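# Observations on the three-dimensional arrangement
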Amino acid sequence: MLLFTARVYFLTNNLFNFSGPYSCAIYDKKGTLLGAQVAADGQWRFEPDAVPLKFEKCIIAAEDKRFYLHFGIDIFSVLRALVSNVKSKRIVSGASTITMQTVRLLEGNPNRTLKQKIHEADLAFLMECRFSKKTILSLYSANAPFGGNVVGLEAASWRYFKRPPRSLTWAESATLAVLPNQPALVYPGANKDILLKKRNKLLNRLYEKKIIDLKTLDLALQEELPEKPFSLPSSCPHYLQKLKADNPLKSKFYTGIDSTLQDNAERIIQKWNKTFFEKNICNSAALIMETATGKILAYCGNLGIQAKDVDMVYAKRSSGSLLKPFLYAAMLDNGMLLPDQLVIDIPTRIGSYKPDNNIPVYRGAVKAGEALSRSLNIPAIMELKKYGITAFLDYLKLCGFTTFTRSADDYGLPLILGGGEITMYEATKAYADMMNKACNRQVLHKHFPISTGAAYLTLQALSDGIRPDDEAMWQIFANSKKIAWKTGTSNGNRDAWAIGTTKDYTVAVWVGNASGRGNKEIKSNTCTAPLLFDLFSSLPTTYWPTSPTDDLEEIQVCKHSGYLAGLDCQDKVKGFKPINATLGFVCPYCKKISVTPDGKYRASVSDMKNEYEGLFPLQKSYFVLPPSVEYFYTKQTLGYRYLPPYLPWHKDTQSSDLQIIFPEDGALIIIPIEIDGKLGATVFQVAERNKDASVYWDIDGEYLGATREKHKISIRPLQGDHILTVTDSNGTVCKRSFSIVTKTD
């Protein structure tokens, strides 16, 4: 008995472990085929699967009516074939059972000889001893020939009827059941009359055996035969390649893809591609993810006209501005920022690095949340400088980003503006986790660092915040279907991004050239923002998370500055911070100022003479921005209350009314040599609060001239270290050191 068992196992093991080659195939969440690749031998052949009842009944009736009654060898069929062949003095009938045919198929269809028949009968019996009838039928159905390069039931079902086997009608199942008998001669598109006759004969046999009723038979006989093979589905090719690379031993991949969302996404992207292609933008990609689980619902890796094989979902590309929300959340949690806190937005140079906003407009000071929604670069640079590049890189790794492998010095401050690379997949998961945190549910990354309160406040800024003028039209859509969204365009216009998230869905979009070629038309406001909202329009409406009151602490903030209110802040409003954030600062801009009793002038006790003789100055609270900030702030903001001027006879060289805007202290300024060989110029700028004051300029003790009202001066300093000194007509003095480096292009 032991020897027999060993023989059964070893002789059938190779048959059961037949390894193809199989076609690689990807399926949606309902098990429907999304796409497939032809097998290595050029055949369409899928891994064995359960055989639907209709096809099972048809194939048994057509090939082996006593399939469930024998043990691999049908003695009655053998005797019938023997008698027929003897009478005819030639082979006119075979006696192969489905099990014997399965053995033959799995052994590669060797030549038919008596010896081979005996061998097949032996192995068929052994297979029956080891495997169930269902398993044998599954192996047969997966490897039977169906004409041309179509092998197996699943491939045949999709090629001839464009549907999965489980959806086939009785007529369609019967059509496929008669094909393996003469696959080279009879198949859809060839010998239609013969095929129709065979199919109808089988349908009548099913009726005679009472497998189908008369009405079913009549309807089945009226069905048309397929004219020619269809192409197999070809959706999600990049996702299939990714799954295949991660699981090289598998050929069937069942995913969470929603075929309806996938079809809609492909249709919408292809619609926009017509516009993109006209602008020489060659590639686009999108990912739709279920926020709570991270399951991929739609995967469009690259719908383009060039470099189509590049999967942009996993390609490393410049992040643009997509990292700004994570820095914002980090600073909220660390007590370094509040949503309405004013952040500085003025021309800035840090060493030789001079960042600019996407639109060359400076607001002086802007609320932190608005700076985020407007995607202002200067505030983001200053925030990263304060938070620390190394600390932020560590933070990003906890958020799930694995692509930041260089040192902090190598990335520098441009990291926050797209100086590092990300993948769409990791960015989408990170945005989904921010929403998961805001919803107080389990995150996808175990050590995700953002608190629930910070996540909610960040997403609020991204959903309700003021947008750049060129994105404002898309905010109308966002307000009708509330979404937290962020766009980004990389330096050199190589990548345009948009990512949006809701409780249920997180959608990411990338548009550009996979080759890395820049194009001034590659901009998030015209490419990815409208595409993002077009994709969201195809998704079901979801609800915005409720405010996590247990994770937010109500505080009193200054109405003017958004900082934690101090003793000198007269106007206070309600604000919120993450519950565990510790604030170590109060409003620095509200301060008590000494003014004359009529409020017309600033004054000290020693200034009280002439018409103010015998009077004392009053202490009055003012919201006062530094002159350099005030200069830009008042251009964009109405209602700012200026400080009154000093009394005419007041002298104070320590006054804060004069401030140098550019250059920054210690700045390294690179000035090009012009084509004619002359040194290029640079423009220095000063802010003076007293509009009637003059400003006097000198560098290294050399007087350059005076300015009134608009305090700018164009100079050509020589290479080396210098000191700028400015003095206003009130005697206030400011100094700034800087260095000049000349450069020949």
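An account of the accompanying structure is given in this report.

Basis of the calculations
- Residues numbered from 1 in each chain as written.
- Predicted model: local features only at pLDDT ≥ 70, side-chain atom pairs only at ≥ 80, totals over all residues.
- Heavy atoms only, no water.
- 1 Å grid on protein atoms, 1.4 Å probe; cavity = no way out; pocket = protein on both sides within 12 Å on 5 of 7 lines; lining within 4 Å.
- Points joined across faces, edges and corners; volume = space filled by probe spheres on them.
- Nonpolar A, V, L, I, M, F, W, Y, C, P; charged D, E, K, R; others polar.
- Buried < 20%, exposed > 50% of the residue type's maximum accessible area, 1.4 Å probe, protein only.
- Helix = DSSP H or I, 4+ residues; strand = E, 2+ residues; numbered from the N terminus.
- Pairing = 2+ DSSP bridges.
- Contact = heavy atoms within 4.5 Å.
- Axes fitted to C-alpha atoms, helices over the stretch in contact; angles between N-to-C directions.
- Parallel < 35°, antiparallel > 145°, perpendicular 65-115°, else oblique.
- Left-handed = near helix turned anticlockwise from the far one by under 90°.
- Salt bridge = Lys/Arg side-chain N within 4 Å of Asp/Glu carboxyl O.

Time to look at empty space enclosed by the protein. To find the voids left in a structure, one rolls a probe of water-molecule size over its atoms. Applying the stated criterion across every chain, the model contains 2 cavities of 30 Å³ or more. In this structure, the largest cavity encloses a volume near 70 Å³. If you trace the largest cavity, you find it lined by Lys 324, Tyr 328, Ala 368, Ala 371, Leu 372, Leu 376, Pro 379, Ala 380 and Glu 383. Looking at the lining of the largest cavity, its residues break down into 7 nonpolar, no polar and 2 charged.

Glancing now at the pairing of strand β1 (residues 24-27). Look at any regular strand and the pattern is simple: side chains alternate between the two faces of the sheet. Of the two faces of β1, the one holding Cys 24 and Ile 26 and the one holding Ala 25 and Tyr 27 are both buried throughout. As paired strands, β1 and strand β2 (residues 33-37) are joined by 4 bridges and run antiparallel to one another. Paired with Tyr 27 across the bridge in β2 is Leu 33.

With that out of the way, let us pick up the environment of Leu 724. For Leu 724, the position within the fold is in strand β25 (residues 720-728). In this structure the C-alpha to C-alpha distance between Leu 724 and Lys 735, which are 11 residues apart in sequence, comes to 5.6 Å. Residues within four places of Leu 724 in sequence aside, it is in contact with Ile 660, Pro 663, Phe 684, Trp 697, Asp 698, Ile 699, Cys 734, Lys 735, Arg 736 and Phe 738.

Turning to the pairing of strand β21 (residues 682-688), a few remarks are in order. The element β21 is extensively covered by neighbouring structure, given that 6 of its 7 residues are classed as buried. Summarising the sheet, strand β19 (residues 658-662) and β21 pair through 4 bridges and their orientation is antiparallel. Following the sheet pairing, Gln 659 is matched in β21 by Ala 687. Pairing between β21 and strand β24 (residues 712-715): 4 bridges, direction antiparallel. Across the sheet, the residue bridging to Val 683 is Ser 714, located in β24.

Before going further, it helps to examine the packing of helix α13 (residues 324-333) against helix α19 (residues 452-464). At a closest axis distance of 9 Å, the pairing of α13 and α19 adopts a crossing angle of 135 degrees. By the angle between their directions, the pair α13 and α19 is classed as oblique. When you trace α13 past α19, the crossing you get is right-handed. Side by side, α13 and α19 meet where Pro 325, Tyr 328, Ala 329, Leu 332 and Asp 333 of the first sit next to Ala 454, Leu 457, Thr 458, Ala 461 and Leu 462 of the second. Its residues assigned to classes, the contact of α13 with α19 shows 8 nonpolar, 1 polar and 1 charged.

Turning our eyes to something else, we now look at the sheet that holds strand β13 (residues 495-501). One open sheet holds the 5 strands; their spatial order is β7-β6-β14-β13-β12, and the pairing between them is antiparallel. Among the strands making up the open sheet, the edge pair consists of β7 (296-300) and β12 (484-489). In this sheet, neighbouring strand axes are inclined to one another by 5 degrees on average, regardless of whether the strands run parallel or antiparallel. Pairing geometry for β13 and strand β14 (residues 505-512), over 7 bridges, is antiparallel. For Ala 498, the partnering residue across the bridge sits in β14 and is Val 509. Docked against the sheet, helix α12 (residues 259-278) engages β6 (283-290), β7 and β14, running at close to 30 degrees with respect to β7.

Attention shifts here to the sheet that holds β19. Pairing is antiparallel across the open sheet formed by 3 strands, whose spatial order is β19-β21-β24. For this open sheet the edge positions go to β19 and β24, each flanked by a neighbour on one side alone. Taken over all neighbouring pairs, the strand axes of this sheet differ in orientation by 25 degrees on average, direction set aside. Contacting β19, β21 and β24, helix α22 (residues 627-636) runs over the sheet at an angle of about 70 degrees to β19.

A few words now on the pattern of salt bridges. Evaluated as defined, the whole model comprises 19 salt bridges. We note a salt bridge from Glu 172 to Arg 163, for which the minimum N-O separation is 2.2 Å. Close ionic contact of Asp 657 with Arg 689 constitutes a salt bridge, the shortest N to O distance being 3.0 Å. In this pair, Asp 657 sits in the loop between α22 and β19 while Arg 689 sits in the loop between β21 and β22 (694-699), placing the two residues 32 residues apart along the sequence. Salt bridges sharing common partners tie together Arg 602, Glu 630, Asp 657 and Arg 689.

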